[in-house]
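Architecture at a glance
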Amino acid sequence: MKTDRILTDHIVSVLVHNNPGVLSKITSLVTRRGFNIDGISAGPTRQNDMFRLTIVVKGDDKSIEQIQKQLYKIIDVVKVAPIIKSRMVGREICLVKIKASLSDRHEVLQIINVFKANVVDVGGNGLIVEITGDSDKIDSFLALLESHQIVDVARTGIVAMNRWDRPYK
Amino acid sequence: MNGARIIVESLKKEGVDTIFCYTGGAVIKIFDELYKHGEGLKLIQPRHEQGGTHAADGYARSTGKPGVVIVTSGPGATNTITGIATAYMDSSPLIVITGQVSSTLIGTDAFQESDVTGITMPITKANYLVKDIDDLAVTIKKSFFIATTGRPGPVVIDVPGDIQRQEADFNYPDTIELMSYRPKDTGHPKQIKSTIKLLSKAKKPLVLAGGGVNLSNATGEMNEFLDKTGIPVVHTLMGNGVNPADENQFLGFIGMHGTLYGNYAIQNADLIMAVGVRFSDRIVGNSETFAKNAKIIHIDIDPAEIDKNILVDLPIVGSAKSILKEINNVDLKIDITEWKNELINYKKENPLSYGKGKLIKPQHIIELAEKYFPEDTVVVTDVGQNQIWVAQYYRIKQPRSFLTSGGLGTMGYGLPAAIGAAVGNPDRQVVMFAGDGGFQMNMQELGIIRKYGLKVKMIILDNSYLGMVRQWQELLFEKRYSGTDMEFNPDFVKLADVFEIRSVFLKDPDKAETVIKELAESTESMLVHIAVDPDENVLPMVPAGKALDEVLTKL
Ligand SMILES: Cc1ncc(C[n+]2csc(CCOP(=O)(O)OP(=O)(O)O)c2C)c(N)n1
Ligand SMILES: [Mg+2]
């Protein structure tokens, strides 16, 4: 009998030495162990040679634990920390290129206002809009724009941290 | 000092005495420095880089020292891949230095360029492409440190030609510390205390010894533990070598082709102390039913092995040696007479057995070899039925004395690994068992036995089949022997002859004892080509994915 595994999104934050090939070592390891990477973002940290990666993968709880242990076996990996859903602060940036004639723009701008997004480029045929937020917010923003002509979407993938402990219980 | 010389001097600093190496354009400079400054370094030149890598692996497993390989770029490097993957799966420490095209040419599809760090990424513990001459010595230091500490494994160092020619000061670090790599040796005291508690309460305790016991040189501590407590022991393929004083405690190897009594012990124990194992599918069978009545204590140096294949009740992360030492310091009072009697009786009623006939039974040959070879012999196998028969019938009583490709199951491992063992153990006997199929995968290495004056005793168990696969076809495919016959095997006696190795053909069961005795006593290398019963099967057998008590005793 095959036991059903409950697959959910998991977010892992990984601190690494930025040595050559480390990014491909990490992605290849995650893939090799049977996971799909749904999102990955990387950037420098305050320490010179260290990078922080935020990886989103789908899996059940047990296999996610296994992935974290396997990641530790990459010599350049310094720290692996799971991001806990209930305590997560997560942000993504998304750029949307929208085709909008002058007459359509009013409605688009309203949506932009409601979502506190920014217009970062205006051309004769349309706009480029930048929005920052958690992934749900970006998803709903894109859904609302669906009735307009979206030409292109570029998302950074999530960066995330666990919140400070609350000072009270 | 130039980069090539830095490599040579670094190897000396690491105390290396033997290098398995094969030259080519991208390492010609290193060979030149070895020629000029290689005093104290023995160079073993295989006939194929795969053979060289397995030989380095055999050297490493049998001596406990890392095996060092130097090969050229491109095809030289890719020929080592099977050897590296084999070492990786069985946690064998190798340092593989590959030449690379000049750093200015990397990425241009230059002659004999291949992306060695890319190709070896999933089969190495770490790998490096040296792009700056100032990093060379420290990279070598790091590589030896990583390969030999914690859970050992192969490390690849890719060195471009221009780096080998550039000049730099030679400063070899005495020690090295890596912020992101700190293997933990000692087990958590609380976990050790809990272990003692579980052990003292258990009515049916059992020890499962794995490759980690050999790798951490903990066989002494393991035997001491077994002798002190009287707890029965089973082992995995890689864990061969444990040896309690009381033979009744020893229940052989478990899993797909484990002994009936070994598997019985696993399924009926109430506590299993597993040391240095990774619970591979060949050991576990069905993970839902494995050791279904037992609590499991899992001692391993690799935290990633905990709860990977089997959920355990009490993990202890650390080296087998240090943890067993701690446990041995405690006086354990346990009374398990009833359990021991149960196992002794079960073993008596369900021994390993094979039939007799007009043809030679391979198991009989193995028993004879065990009888005539000294106890400290290094026993090497290839892969297939021959391998499992040796694991079942040859009682290995010394650590690091059973070399076999367990995790990868690499046919062609036997002969070169035996050669590597002979290089590293000139004072010990080395006996190799191989099938007719696997032996032919690296038989070119016969060519170096005489060259280096090595003493290797070789037994080819020729069943004219890729026997292990034929057995599966008999069991699962109604004897449709597709792709498993070996009808046109060469005359192995003649083959040995052209390499000037003494050789004998054996077919008559009545002559077997004399021939094997002669093999054991021969003062030079010798090959025995044995025609064995082609229809013999490895039994008992737990079909893949089944519980260890759903076992077949005939096909
Ligand atoms: C390199 C490689 N190729 C294929 C296999 C699959 N395989 C496993 S056992 C086996 C048969 C081995 O035959 P032989 O060497 O004659 O040994 P026997 O089983 O007959 O003792 C094969 C083909 C393997 N393990 N390794
Ligand atoms: Mg065969």
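Described in the following lines is the structure provided in the data block. (Residues numbered from 1 in each chain as written. Chains lettered and ligands numbered in written order. Predicted model: local features only at pLDDT ≥ 70, side-chain atom pairs only at ≥ 80, totals over all residues. Heavy atoms only, no water.)

1. Description of the sheet that holds strand β3 (residues 50–59) of chain A
All names here are of chain A. Reading across from one edge, β2-β3-β1-β4 is the order of the four strands in this open sheet, with antiparallel pairing throughout. In the strand order of this sheet, the two ends are held by β2 (37–44) and β4 (77–83), each with one partner. Each adjacent strand pair in this sheet contributes to an overall mean axis angle of 20 degrees, direction not counted. In the sheet, β2 pairs with β3 via seven bridges, with the strands oriented antiparallel. Residue pairing across strands places I37 opposite V57, the latter belonging to β3. Contacts between helix α2 (residues 61–72) and the sheet are confined to β1 (8–17), β3 and β4, with β4 contributing the most and set at about 160 degrees to the helix. (Pairing = 2+ DSSP bridges. Helix = DSSP H or I, 4+ residues; strand = E, 2+ residues; numbered from the N terminus. Axes fitted to C-alpha atoms, helices over the stretch in contact; angles between N-to-C directions. Contact = heavy atoms within 4.5 Å.)

2. A look at the environment of L208 of chain B
All names here are of chain B. Along the chain, L208 falls in strand β7 (residues 205–209). In this structure the C-alpha to C-alpha distance between L208 and G258, which are 50 residues apart in sequence, comes to 13 Å. Contact partners of L208, with chain neighbours within four places excluded, come to V234, H235, T236, I254, I272, M273, A274, V275, V277 and F279.

3. Some thoughts on the sheet that holds strand β9 (residues 250–253) of chain B
Residues and elements named next belong to chain B. Ordered in space as β9-β8-β7-β10-β11-β12, the six strands form an open sheet in which the pairing is parallel. Only two strands of the sheet have a single neighbouring strand rather than two, namely β9 and β12 (314–317). Strand-to-strand twist of the sheet, defined as the mean angle between neighbouring strand axes without regard to direction, takes the value 15 degrees. Sheet analysis places strand β8 (residues 233–235) next to β9, joined by two bridges and oriented parallel. When the bridges of β9 are listed, H235 appears paired with F253. Helix α12 (residues 260–268) rests against β7, β8, β9 and β10 (271–275) of the sheet, and its axis sits at about 105 degrees to β9.

4. Re the packing of aromatic side chains
Any aromatic ring pair is given by two values, namely how distant the centres are and how the planes are angled relative to each other. Residue and element names in this part refer to chain B. Under the criterion given, the structure shown has ten aromatic pairs over all chains. Arranged with centres 6.3 Å apart and planes meeting at 75 degrees, the rings of Y394 and F433 form a pair that is edge-to-face. Here the residue Y394 occupies a position in the loop between α17 (385–393) and β14 (402–403), and F433 occupies one in strand β15 (residues 430–435), the gap between them amounting to 39 residues. When its relative accessible area of 5% is taken as the criterion, Y394 is described as buried. Across from the ring centre of F250, 3.5 Å away, lies the NZ or CZ of R395, which sits over that ring. The side chain of R470 reaches across the aromatic face of Y465, ending 5.4 Å from its centre. (Phe/Tyr/Trp six-rings, centres within 6.5 Å; stacked < 30°, edge-to-face > 60°. Buried < 20%, exposed > 50% of the residue type's maximum accessible area, 1.4 Å probe, protein only. Lys NZ or Arg CZ within 6 Å of the ring centre and 35° of its normal.)

5. Remarks on the pattern of salt bridges
One pass over the full model with this rule turns up 34 salt bridges over all chains. For R182 of chain B, the salt bridge goes to E177 of chain B, with nearest N and O atoms at 3.5 Å. The exposed category is assigned to R182 of chain B, whose relative accessible area is 58%. On the basis of relative accessible area, E177 of chain B is assigned to the exposed category, the value being 66%. Each of the salt bridges in this network shares a partner with another, and the network as a whole consists of K73 of chain A together with R151, D302, E305 and K308 of chain B. (Salt bridge = Lys/Arg side-chain N within 4 Å of Asp/Glu carboxyl O.)

6. Focus: the side chain of N328 of chain B
The residue N328 of chain B is located in helix α14 (residues 320–328) in this model. Overall, N328 of chain B belongs to the buried group, its relative accessible area being 6%.

7. A few points about the packing of helix α1 (residues 3–13) of chain B against helix α2 (residues 28–37) of chain B
Residue and element names in this part refer to chain B. Taken N-terminus to C-terminus, the directions of α1 and α2 make an angle of 55 degrees; their axes are 8 Å apart at the nearest point. Comparing their axes, α2 and α1 come out oblique. Here α1 and α2 pass one another in a crossing that is right-handed. Listed contacts from α2 to A4, R5, I7, V8, E9 and K12 of α1 are K29, I30, E33, L34 and H37. For the contact of α1 with α2, a count of residues per class yields five nonpolar, one polar and five charged. (Parallel < 35°, antiparallel > 145°, perpendicular 65-115°, else oblique. Left-handed = near helix turned anticlockwise from the far one by under 90°. Nonpolar A, V, L, I, M, F, W, Y, C, P; charged D, E, K, R; others polar.)

8. Quick notes on the coordination of the magnesium ion (ligand 2)
Each donor-metal-donor angle in an ideal tetrahedron of four donors is 109.5 degrees, and each such angle in an ideal octahedron of six donors is either 90 or 180 degrees. Residue and element names in this part refer to chain B. At this site the magnesium ion (ligand 2) is bound by D436 (OD), N463 (OD1) and Y465 (O), with donor distances of 2.1 Å. On the primary sequence, the residues serving as donors to the magnesium ion (ligand 2) are separated as D-x26-N-x1-Y. Of this pair, D436 sits in helix α19 (residues 436–439) while Y465 is found in the loop between β16 (457–462) and α20 (467–476), placing the two residues 29 residues apart along the sequence. (Donors = N, O, S within 2.8 Å, 3.2 Å for Na, K, Ca; no water.)

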